[in-house]
Amino acid sequence: MNYTLKIWRQKNAADSGSFVSYKVENIDGETSFLEMMDVLNQQLVTRGEEPVAYDHDCREGVCGMCSMYINGRAHGPNELTTTCQLYMRHFKNGSTIIIEPWRAKPFPVIKDLMVDRSAFDRIQQAGAYISMNAGSAPDANNIMISKEAADAAFEAAECIGCGACVAACKNSSASLFVSAKLAQFALLPQGQVERYQRTLNMVQAMDAEGFGSCSNTSACEAECPKGISVKHIAMMNRDYLKATMCSEKVMS
Amino acid sequence: MKLDAKIPEGPLAEKWTNYRSYTHLVNPANRRKVDIIIIGTGLAGASAAATLGEAGYNVKVFCFQDSPRRAHSIAAQGGINASKNYQNDSDSNYRLFYDTVKGGDYRGREANTYRLAQISGAIIDQCVAQGVPFAREYGGTLANRSFGGAQVSRTFYASGATGQQLLLGCYSELNRQIRKGNVKSYTRHEMLDIVVIDGKARGVIIRDLVSGEISRHSAHAIVLATGGYGNVFYLSTNAMASNATAAWRAYKKGAFFANPCYTQIHPTCIPVSGEYQSKLTLMSESLRNDGRIWVPKNKEDVKKDPRQIPEEDRDYYLERRYPAFGNLVPRDVASRAAKERCDAGYGVGPTGFAVYLDFKDAIIRLGEDLIRDRYGNLFEMYERITGDNPYNYPMRIYPASHYTMGGLWVDYELGTTIPGLYALGEANFSDHGANRLGASSLMQCLADGYFVLPATISNYLSEEFRHPAIPIDNPAFDQAEKEVKERIEKLMAIKGSQSVDELHKKLGRIVWNYIGLSRNEEKLTKALQLIDELKKEFWTDVKIPGSSKGMNIELEKAQRVADFLELAALMAKDALNRKESCGAHFREESQTEDGEAKRDDEHFRYVAAWEYAGEDKEPILNKEPLEFENIELKTRNYK
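Residues numbered from 1 in each chain as written. Chains lettered and ligands numbered in written order. Predicted model: local features only at pLDDT ≥ 70, side-chain atom pairs only at ≥ 80, totals over all residues. Heavy atoms only, no water.

On a plain count of helices and strands, chain B comes out with 17 helices and 19 strands. Compactness check: chain B gives a C-alpha radius of gyration of 24 Å against a globular reference of 26 Å for 639 residues, within 12% of the reference. Residues counted as buried form 68% of the 639 residues belonging to chain B. Contacts in chain B between residues at least 24 apart in sequence constitute 74% of all its contacts with a sequence separation of at least 6. When the accessible surface of chain B is totalled, it reaches about 20900 Å², and 48% of it is carbon and sulfur. Here chain B contributes 83 positive and 84 negative side-chain charges, whose respective centroids are spaced 3 Å apart. (Helix = DSSP H or I, 4+ residues; strand = E, 2+ residues; numbered from the N terminus. Rg over C-alpha atoms; globule rule 2.2 N^0.38 Å. Buried < 20%, exposed > 50% of the residue type's maximum accessible area, 1.4 Å probe, protein only. Contact = heavy atoms within 4.5 Å. Areas by Shrake-Rupley, 256 points an atom, 1.4 Å probe, with all protein chains shown as cover. Lys, Arg positive; Asp, Glu negative; His and termini not counted. Charge placed at Lys NZ, Arg CZ, Asp CG, Glu CD.)

Set out below in structure tokens:
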């Protein structure tokens with residue numbers, strides 16, 4: 001199959017950037033989207049041009065590095081799929097594919113399709129943990145957790161931190177990401193001690209990074225490759241409200 | 001050089017306790033004066049950085065990814081072993097130790113492996129307390145499953161995303177230490193050399209992958225937790241950028257490299273589908289708990305719809321050959337058996353290089369819901385990649401490069417042969433012998449990072465803390481930086497005609513065909529010749545567009561592939577030297593009548609630790625004899 005690619009090229013953060021068209025030919029349907037990009041980059045390198053920069057690493061949908069906005073959708077047209085697990089059989093022969101980086105102010109472009117998502121790290125540094133030094137844990141089965149709670153926490157914890165939720169949101173809100181991180185801990189007994197302080201700290205960090213507010217369109221959930229639910233946002237908002245109205249020490 | 005593994009005195013079960021009771025410590029007030037650099041933020045690196053941060057040392061941690069949480073430990077699926085005996089199936093530290101040593105075909109070090117088993121339970125405690133959402137039974141206790149090479153259920157798991165959950169656990173603690181100021185994190189930074197001053201590791205040279213700037217960092221101790229070298233095969237289950245550069249630079253600065261020929265080919269990966277393939281995806285070994293592996297009995301059936309092939313025409317070859325362990329034989333055994341069937345013409349799928357992993361019986365026995373509960377996300381991943389639905393069509397799998405047991409030689413304290421340089425996790429060689437059992441790598445990484453290194457490094461630092469902060473204007477730093485820059489400029493100046501990927505693919509084909517699942521003297525000798533030719537081709541014909549200033553992805557890859565080329569040659573040399581079969585290292589000249597690996601304990605019961613002797617010089621082989629005082633050496637038998 002043959003495709004025309006319109007790809008965002010931007011030398012560095014200071015450059016203004018623009019779309020550049022390329023053609024790729026004889027692409028097999030079993031080629032992954034990133035392997036198709038490899039084919040393009042091979043062509044560019046052969047011609048002595050700089051390849052398109054994009055983030056990717058594990059190519060099995062879990063590291064969260066890949067981050068392309070494809071035909072106006074984060075990670076492309078398929079549901080519950082990261083760019084690295086998207087296959088060319090889902091694109092019509094002869095079609096034009098538009099590829100952009102995540103677009104959000106707190107995710108500045110580094111180069112081409114690569115953006116800086118270190119804001120996510122900083123938000124997590126603000127409180128996405130249970131304060132627990134190595135060596136002081138009780139026996140694992142001393143903490144009994146219902147299967148339902150463990151499963152629910154796991155569902156939240158499956159977030160890969162790719163940032164598709166932010167890219168998909170018209171407000172560039174990070175609410176889905178932050179709430180998933182909060183929910184994992186809030187749903188487990190181990191997370192209760194610091195629950196409300198954690199919520200306060202992380203929500204404040206999220207705001208400080210310049211992410212927008214949530215206006216409940218659920219675009220984030222629709223585009224999340226891991227299917228993280230917006231119900232976590234409701235939980236975050238409830239916890240935040242409680243935390244701001246009461247002393248967190250009493251709450252815990 | 002005589003290798004001193006520094007194994008503590010005393011009975012096996014007391015060695016670690018004794019060590020900890022008598023080791024030298026650094027007073028908490030003095031820890032603030034000690035700088036430690038950690039390279040890599042997978043399970044081993046992140047847990048070590050977090051724990052050393054907790055202890056109060058000044059830690060700098062570097063990763064080439066855009067966030068510490070992206071390291072490839074995140075992709076581990078199946079689980080983590082621990083000898084908790086929660087299932088009351090007679091598990092014990094000794095049994096976990098025994099299974100691991102046996103699974104490694106008696107080529108691991110007893111004392112290290114026993115310590116691993118002893119620590120395994122505390123790892124689970126630590127992870128649960130951190131909020132890792134392990135799978136649970138309805139009563140609220142932790143769930144377990146079985147893995148290859150064991151007859152007990154000791155594997156803890158979080159669906160098919162155990163590595164992700166454990167890494168996020170380490171990362172959360174790392175974040176807490178970053179917030180406290182105990183750890184400073186550098187992302188998109190790659191280590192390109194080690195600086196050795198007066199025989200001790202004192203610093204590193206780092207390239208900022210965004211700006212292209214080269215910087216110097218000094219410390220009282222350096223820790224490499226940089227993973228394995230599975231990408232020497234080009235196609236592997238490793239992440240695209242996983243590389244051996246840090247370990248290889250350390251080797252060239254004097255750290256011995258042990259057992260490079262022990263490379264694990266994992267039996268259950270999604271098969272190659274074409275030339276454009278960039279990586280292979282693992283399907284967790286846990287699937288072998290409930291899936292049955294088979295090929296058609298008749299060659300004419302290999303292209304048939306497998307669902308139409310009746311039971312009597314299916315060859316469940318693992319159950320046939322290994323009735324005691326069946327589909328749960330260790331990885332090396334399962335991989336060779338799959339290759340044997342495919343080479344004999346019974347392979348299925350478009351290429352003929354695949355076998356079936358079938359859940360039909362499990363779904364009848366347990367119901368689709370329970371299977372979905374156990375493996376749902378793995379099944380979804382398989383369907384996303386192949387377009388086939390494993391609930392009603394058997395998976396197709398084939399072996400692929402997955403893990404490397406070889407790595408930097410370390411002693412009991414995880415110290416390499418360069419004082420002050422430590423190696424953790426997959427980057428070292430110590431605990432898995434010639435074949436790693438499933439669910440043991442996560443255990444080893446976390447044991448090393450949370451518990452072993454924090455205890456052993458103080459023994460070294462108890463003297464080193466007196467040394468003031470190491471200045472970075474030392475001539476050794478000048479020299480190392482100069483070498484790094486010259487190498488980069490040399491690569492940029494080649495301006496040849498082949499991309500790095502093209503050359504890497506060529507290397508991968510050589511390694512797979514000549515140093516892969518099955519080796520012999522002729523193939524290995526040929527491999528050495530081909531690698532040498534390819535190395536020359538690389539250094540005269542690689543093409544790297546752009547400049548060394550700023551981001552240059554091709555340059556990053558070129559440096560890694562240049563090191564893989566050298567490492568591949570050492571792999572072949574090690575495989576040539578080891579004229580026995582053991583674990584994942586299968587020499588065709590050394591097999592039993594029914595095609596099983598045949599060890600030669602008399603001549604090869606040692607760790608082969610290779611010492612760099614200089615450019616274009618033959619590396620020197622140093623041997624660490626392996627003593628087995630607590631386990632009787634036997635022929636592995638899974639029948």
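The structure having been displayed, the exposition proceeds.
This next bit is on the packing of helix 3 (residues 43-55) of chain B against helix 6 (residues 162-180) of chain B. Residues and elements named next belong to chain B. Where helix 3 meets helix 6, the axes come as close as 8 Å, and the angle between the chain directions of the two elements is 30°. The orientation of helix 3 with respect to helix 6, classified from their angle, is roughly parallel. The interaxial crossing formed by helix 3 with helix 6 has left-handed handedness. Taking contact as the criterion, the partners of Leu43, Ala46, Ser47, Ala49, Ala50, Gly53 and Glu54 in helix 3 are, on helix 6, Leu166, Leu167, Cys170, Glu173, Leu174, Arg176 and Gln177. Looking at side-chain class alone, the contact of helix 3 with helix 6 contains eight nonpolar, three polar and three charged residues. (Axes fitted to C-alpha atoms, helices over the stretch in contact; angles between N-to-C directions. Parallel < 35°, antiparallel > 145°, perpendicular 65-115°, else oblique. Left-handed = near helix turned anticlockwise from the far one by under 90°. Nonpolar A, V, L, I, M, F, W, Y, C, P; charged D, E, K, R; others polar.)

Structurally, Tyr114 of chain B can be placed in helix 5 (residues 110-130). Sequence-distant contacts of Tyr114 of chain B, that is, excluding residues within four places in its chain, are made with Leu12, Ala13, Asn93, Tyr94 and Phe97 of chain B.

All names here are of chain B. When you line up the elements, Asn144 lands in the loop between helix 5 and strand 4 (155-156). By relative accessible area, which is 12% here, Asn144 ends up buried. Within the structure, the side chain of Asn144 is placed 3.3 Å from the backbone oxygen of Thr155, a separation counted as a polar contact. Among residues more than four places away in sequence, those in contact with Asn144 are Tyr86, Gln87, Glu137, Ser153, Arg154, Thr155, Phe156 and Tyr157. (Polar contact = N/O pair within 3.5 Å; in protein donor to acceptor, adjacent residues only side chain to side chain.)

This paragraph deals with the packing of aromatic side chains. Taken as a whole, this structure holds 35 aromatic pairs over all chains when the rule is applied. Taking the centre distance of 4.7 Å and the plane angle of 90° together, the rings of Phe325 of chain B and Tyr638 of chain B count as edge-to-face. Here Phe325 of chain B is found in the loop between helix 8 (317-321) and helix 9 (331-346), whereas its partner Tyr638 of chain B is found in the segment after strand 19 (620-625), with 313 residues between them in sequence. Each member of the pair, Phe325 of chain B as well as Tyr638 of chain B, carries the same accessibility label: buried. Linked through ring pairs, Tyr229, Trp248, Tyr251, Phe257 and Tyr612 of chain B together constitute an aromatic cluster. In this structure, Arg103 of chain A is placed above the aromatic ring of Trp8 of chain A, and the distance from its NZ or CZ to the ring centre is 4.2 Å. Positioned above the aromatic ring of Tyr157 of chain B is the side chain of Arg145 of chain B, whose terminal nitrogen or guanidinium carbon lies 3.8 Å from the ring centre. (Phe/Tyr/Trp six-rings, centres within 6.5 Å; stacked < 30°, edge-to-face > 60°. Lys NZ or Arg CZ within 6 Å of the ring centre and 35° of its normal.)

As a further point, take the domain arrangement of chain B. All names here are of chain B. Along its sequence, chain B is organised into domain 1 (266-401) and domain 2 (475-603). In this structure, domain 1 and domain 2 have C-alpha centres spaced 30 Å apart. Counting from both sides, the interface comprises 10 residues of domain 1 and, opposite them, 11 residues of domain 2. Summed over both partners, the interface of domain 1 with domain 2 comes to about 810 Å²; 55% of that surface belongs to carbon and sulfur atoms. Considering only the surface of domain 1 that becomes buried against domain 2, Asp332, Arg336 and Lys339 emerge as the three largest contributors, covering 51% of it. Where domain 1 packs against domain 2, one counts one salt bridge. Linking Glu596 and Arg321 is a salt bridge whose minimum nitrogen-to-oxygen distance equals 3.2 Å. For the pair domain 1 and domain 2, the interface holds three residue pairs in polar contact (both at pLDDT 80 or more). Of all the elements in the fold, those that place two or more residues in the side of domain 1 that touches domain 2 are helix 9 and strand 15 (395-404). It is helix 9 that provides the largest number of residues to the side of domain 1 that touches domain 2, a total of four residues. (Domains from an automatic or database assignment. Buried area = accessible area lost by both parts, 1.4 Å probe. Salt bridge = Lys/Arg side-chain N within 4 Å of Asp/Glu carboxyl O.)

This brings us to the sheet that holds strand 3 (residues 69-70) of chain A. Across a sheet, paired strands are connected by hydrogen bonds in the backbone, their directions being either parallel or antiparallel. All names here are of chain A. The five strands lie next to each other as 2-1-5-3-4, forming an open sheet whose pairing is mixed. Edge positions in the sheet fall to strand 2 (18-24) and strand 4 (73-74), since each of these pairs with one other strand and no more. Pairing between strand 3 and strand 5 (residues 96-100): two bridges, direction antiparallel. Residue pairing across strands places Ile70 opposite Ile99, the latter belonging to strand 5. Strands in contact with helix 1 (residues 33-46) are strand 1 (3-9), strand 2, strand 3 and strand 5; relative to strand 2, the strand with the most contacts, it is inclined by about 95°. (Pairing = 2+ DSSP bridges.)

All names here are of chain A. A positive phi angle, close to 50°, is found at Leu80, a residue other than glycine. The topology assignment puts Leu80 in the loop between strand 4 and strand 5. Not every positive phi belongs to a glycine, and Ser172 is a case in point at roughly 50°. On the basis of relative accessible area, Ser172 is assigned to the buried category, the value being 14%.

With that settled, the discussion passes to the interface of chain A and chain B. Taken together, the contacts link 74 residues of chain A with 77 residues of chain B. A combined buried area of about 6100 Å² lies between chain A and chain B, and 52% of that area is made up of carbon and sulfur atoms. For chain A, the biggest contributors to the area lost against chain B are Asp57, Glu60 and Lys147 of chain A; these three give 11% of the whole. Taken together, chain A and chain B are joined by six salt bridges. With its nearest N and O atoms 2.6 Å apart, the salt bridge here joins Lys279 of chain B to Glu60 of chain A. Seen at the junction of chain A and chain B, the total is 41 residue pairs in polar contact (both at pLDDT 80 or more). For the side of chain A that touches chain B, the elements supplying multiple residues, two or more each, are helix 1, strand 6 (109-111), strand 7 (114-115), helix 2 (118-125), helix 3 (147-157) and helix 5 (175-186) of chain A. Ranked by residue count, the leading element in the side of chain A that touches chain B is helix 3 of chain A, at six residues. Its residues placed into classes, the side of chain A that touches chain B shows 35 nonpolar, 19 polar and 20 charged.

Next up on the list: the sheet that holds strand 8 (residues 214-218) of chain B. Residue and element names in this part refer to chain B. Across the sheet, three strands lie side by side as 6-7-8; this open sheet has antiparallel pairing. The two strands at the open ends of the sheet, each matched to only one other strand, are strand 6 (189-197) and strand 8. The sheet shows a mean angle of 25° between the axes of neighbouring strands, direction not considered. As paired strands, strand 7 (residues 200-208) and strand 8 are joined by five bridges and run antiparallel to one another. Paired with Val204 across the two strands is His217, which belongs to strand 8.

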